[in-house]
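# Chain and residue survey
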Amino acid sequence: METWKRDIVRQLKHRDRNQHAMFQDLIRLYSRLLEKTSLTKGLLSSSSRHPSSDSSRSISSLVHQNNQLKKTTGELAYQVVELQQQIKIKECVLEQQHSRLAEQQQRVAGAFGARQVLQDRVEQVQEENGVLKMKYDLLLEQQKGAEQNLREENVRGGHLLEDMIHLKQQAAARMNSRNERKSRAREANLQKQLQNATGSKVTVDSSSSAPTSRSTSPKAANHSNSSDRGHTRLFRSASVTSPRILTSIKGLFDRKRRGHSVCSVDEDRMFPVGICLSARLPVRALQVLDAHEQGINTVKFSSSSDLMATGGTDRLIKLWDVRAGLLTHRSTLDGSTEGVTCVDFDPTGLRILAASYDKSALLWRLDDSVPKLTLTGHSRKVTAARFSGLHQVVTGSADRTIRLWDLQRAACFQVVEVASYCSDLICSENSIISGHFDSKIRVWDARAVSCVQELPAQGKVTSLDISADHRQLLSCCRDDCLQLVDLRRRSQERMCFRADGFKCGSDSTKAVISPDGCFVAAGSADGAVYIWNVSKGDLETRLPDKHSSSISAVSWSLSGEYVVSVDKSRRAILWSDI
Amino acid sequence: MADDKDVLRDVWYGRIPTCFTLNQDEVTEREAEPYYLLLPRVSYLTLVTDKVKKHFLKVMKAEDVEEMWFEYEGTPLKWHYPIGVLFDLHASNTILPWSITVHFKNFPDRDLLHCPSNSVIEAHFMSSIKEADALKHKSQVVNDMQKKDHKQLWMGLQNDKFDQFWAMNRKLMEYPTEEGGFRYIPFRIYQTMSDRPFIQKLFRPVSPEGSAHTLGDLLKEMYPAAIPNEGEQKRYQVVIHGIEPLLETPLQWLSEHLSHPDNFLHICVIPTPTD
């Protein structure tokens, strides 16, 4: 034990001894004495009032009893105090429980309130549900009605479809039988002609020039309606080369065949067929005029060479008389709702066909400015529309289809899906030739409408033209090159025409072969017309400085006299050699 | 330790023999006998003097009785100091028994607090305990106690039940071992010569270096005059519970064992008697 603690303990003992132990008994005894004296005093005072002779023993016993009673009272008092404390504690507990009870009651009341609110909401939701259910039932009924209607309509639609299929089948059968009849008649006719031809002798005098060609050319004879000047010019231009004579013989052949056709009344109609023996190379601009309100997209001479049609972005087709080296405005055909992309005359020269940006092709009679037919069905702009015989039209479109139309029914009877944008097409005797943006030229059988040949090109094909003898096919491509293919030979042999400065101006730039097949012509983006010689294969001439913008199309009159070029800035120029 | 427990017990059962005499000026029906009582050092005057009051009321008229108060040699005794402190401070070296004069008139309002009932004493006692715990444990221990625990402390003191009191007071004396003591030692240093009632400051039981502070350290800090200089006559006595602990006694131990039930270490510094 530490010193300080020992010291403390010792001091405490010492203190208690001095202050506590020494006085403890003394004070206790004093207190008792004090009590006794006070008691005695009380007794004395009471005994003075009742001076009876109570013995001291009874007093002492009373004192003793009193002491005991006091002691008991003290003990009882202590117990009372203790009990009171217990009561206090109990009361505390009771109070706490009361407060807890009150709290619980409050919470119960709160819960009742919440339950009431929830019940209200349940009722509300049930009511809403009822309303919704009613609505739902109503809708269900409506739906039933609608379904009933739908079924009926479906049945009706099925009937209609059946009827339509039936009608179509009938129509197809009729058409098949007619086509068959037609082709059979033609073959018979051809057979007959061939027999005639082999039977008759034809003498060809190679040294004779003008008189021979004049007498042997049925075209010249037929050209009674053409002008005297054109007649003489044709006569003068007739050269001595053998291919032209052969052409003239072929022309005679064609005429006869048509003349003996027995298939239909329409086919019997006579129409002029121009054959050009020699085209003349244009050197001068005879006339420069602003032909349209907006850019000109296409130009075409009719087969009679005295009529020309132009089509422009201004939605109009204009017809021009070509007389004495001058273009005279004859009439305007309207009806297209968008720009015109292509025009074509029918073989009789009485009707004109136009392809339009408005996804349709339109047919006019020349004497009526209102379109006779509108052929709709393409889903994008129509880029080319050509007659394929008198009653059939072929159209090509940017929607990658080619459609064949029957003009008598004014309906499309065949749709050919092609893989690529069709930019132009040409109708030959029994085939359709189309040019596409996938650098392919496709040859289709006109009857079966199946692709029989694919010719490659160098780039996007912008236009096609076929020579008058249907042997040479000219195509113009975006790689600034014209390409001439011999269709008969079925070879990949081809001639390409290029020139410094020649540039294909657009996706629809149109190039042509001269009617005698000796030249090809095209307009360039620089505003000059380029003409190549086919036999030599190089550039023959260039006609610059008249156009101020890219040339969109050129056309060569069937007589060989004129060339017309049109450009994007609405200018048309008539060229000739005079 | 058994010794520590004995110290606690001795402190608790410390008694002072006292003689109460009625003031001469009081009007009495007959002569009042003096009353002797052993006063517990750790209790309060007004809590243990019911018998005294009863004794003197016997000889007095009811109309002459006002609030009772006590006086020693002209000094009114503050009932809110523990009895032991009053004795050590005012009557340390006098002859026993301690003679206190009882008054029923002329209550010295400027010097004393009124004490109408025991609940006032209880409130004072509990507030002291709370203050001490605020210093020792930031009030955590006393706040964790329930109301009945507080009641047990008070009832232990009121009924002089050592075991009852210490069963609860033990908790107030606990401290985290790693800190070596309370946050601050709750102490009060009383002196007779000053106007200040007592000195009370913040003082940690352990020095910043980690060594335990002693009673000497505390006095050096709070009351340097109480420590005798080298070779000089001792001028002051440092008295706790009527004894003078050595200055090297650790302060923490003193606080735990020699504190009054109100949890304060009451230290009296009194002049050394000249004779």
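These numbers come from a predicted model, not from an experiment. (Residues numbered from 1 in each chain as written. Chains lettered and ligands numbered in written order. Predicted model: local features only at pLDDT ≥ 70, side-chain atom pairs only at ≥ 80, totals over all residues.)

Residues and elements named next belong to chain B. Counted at 1.5 Å a residue, the expected span for helix α5 (residues 118-137) with its 20 residues is 28 Å, and the 28 Å between its end C-alpha atoms agrees. For α5, the set of buried residues is I121, F125, I129, A132, D133, L135, K136 and H137. End-on, the buried residues of α5 take up no more than an arc of 160°, which puts them together on one face. Exposed positions of α5 whose direction lies more than 90 degrees from the buried face are S119, A123 and S127. On its buried face, α5 is in contact with α2 (45-48), α6 (140-144), α7 (147-158) and α8 (162-172). K138 sits one or two residues past α5 and shows a positive phi near 55°. (Helix = DSSP H or I, 4+ residues; strand = E, 2+ residues; numbered from the N terminus. Expected span 1.5 Å × (residues − 1). Buried ≥ 20, exposed ≤ 12 C-beta atoms within 10 Å, placed from the backbone. Arc of directions from axis to C-beta. Contact = placed C-beta atoms within 7 Å.)

Attention shifts here to the packing of α5(B) against α7(B). Residue and element names in this part refer to chain B. Taken N-terminus to C-terminus, the directions of α5 and α7 make an angle of 120°; their axes are 11 Å apart at the nearest point. One way to sum up the angle between α5 and α7 is to call them oblique. The two elements α5 and α7 meet at a crossing, and its hand is right-handed. Only H150, L153, W154 and L157 of α7 make contact with α5, whose side of the interface consists of E122, F125, M126 and I129. Considering only residue class, the contact of α5 with α7 consists of 6 nonpolar, 1 polar and 1 charged. (Axes fitted to C-alpha atoms, helices over the stretch in contact; angles between N-to-C directions. Parallel < 35°, antiparallel > 145°, perpendicular 65-115°, else oblique. Left-handed = near helix turned anticlockwise from the far one by under 90°. Nonpolar A, V, L, I, M, F, W, Y, C, P; charged D, E, K, R; others polar.)

Residues and elements named next belong to chain A. On average, residues of chain A score 82 in pLDDT, and 84% of them reach the 70 mark or higher. Confidence over residues 207-242 falls short of pLDDT 50; this stretch has 42 contacts with residues more than four positions distant or in other chains. Contacts from residues 255-269, a stretch scored under 50 in pLDDT, to residues over four places away or in other chains number 18 contacts. (pLDDT = per-residue confidence, 0-100.)

Burial within helix α4 (residues 83-91) of chain B is extensive, with 8 of its 9 residues counted as buried. Within the sequence span of α4(B), burial applies to I83(B), G84(B), V85(B), L86(B), F87(B), D88(B), L89(B) and A91(B).

As a further point, take the sheet that holds strand β25 (residues 539-543) of chain A. Residues and elements named next belong to chain A. Across the sheet, 4 strands lie side by side as β22-β23-β24-β25; this open sheet has antiparallel pairing. Sheet topology places β22 (512-513) and β25 at the edges, where each strand pairs with a single neighbour. As paired elements, strand β23 (residues 519-523) and strand β24 (residues 529-533) share 5 bridges and run antiparallel to each other. The residue of β24 that forms the bridge with G523 is V529. (Pairing = 2+ DSSP bridges.)

Moving on, we get to the sheet that holds strand β14 (residues 422-427) of chain A. All names here are of chain A. In space, the 4 strands of this open sheet follow the order β14-β15-β16-β17, with antiparallel pairing throughout. Of all strands in the sheet, those with a lone pairing partner are β14 and β17 (451-456), marking the two edges. Within this sheet the neighbouring strands show an average axis-to-axis angle of 20°, counted without direction. Pairing between β14 and strand β15 (residues 431-436): 5 bridges, direction antiparallel.

For the rest of this paragraph, the subject is the packing of α7(B) against α8(B). Residue and element names in this part refer to chain B. Put simply, α7 and α8 touch, their axes get as near as 7 Å, and they point 140° apart. Classified by the angle their axes make, α7 and α8 are oblique. For the element pair α7 and α8, the recorded crossing hand is left-handed. Contacts from D149, Q152, L153, M155, G156 and L157 in α7 reach Q164, F165, M168 and N169 in α8.

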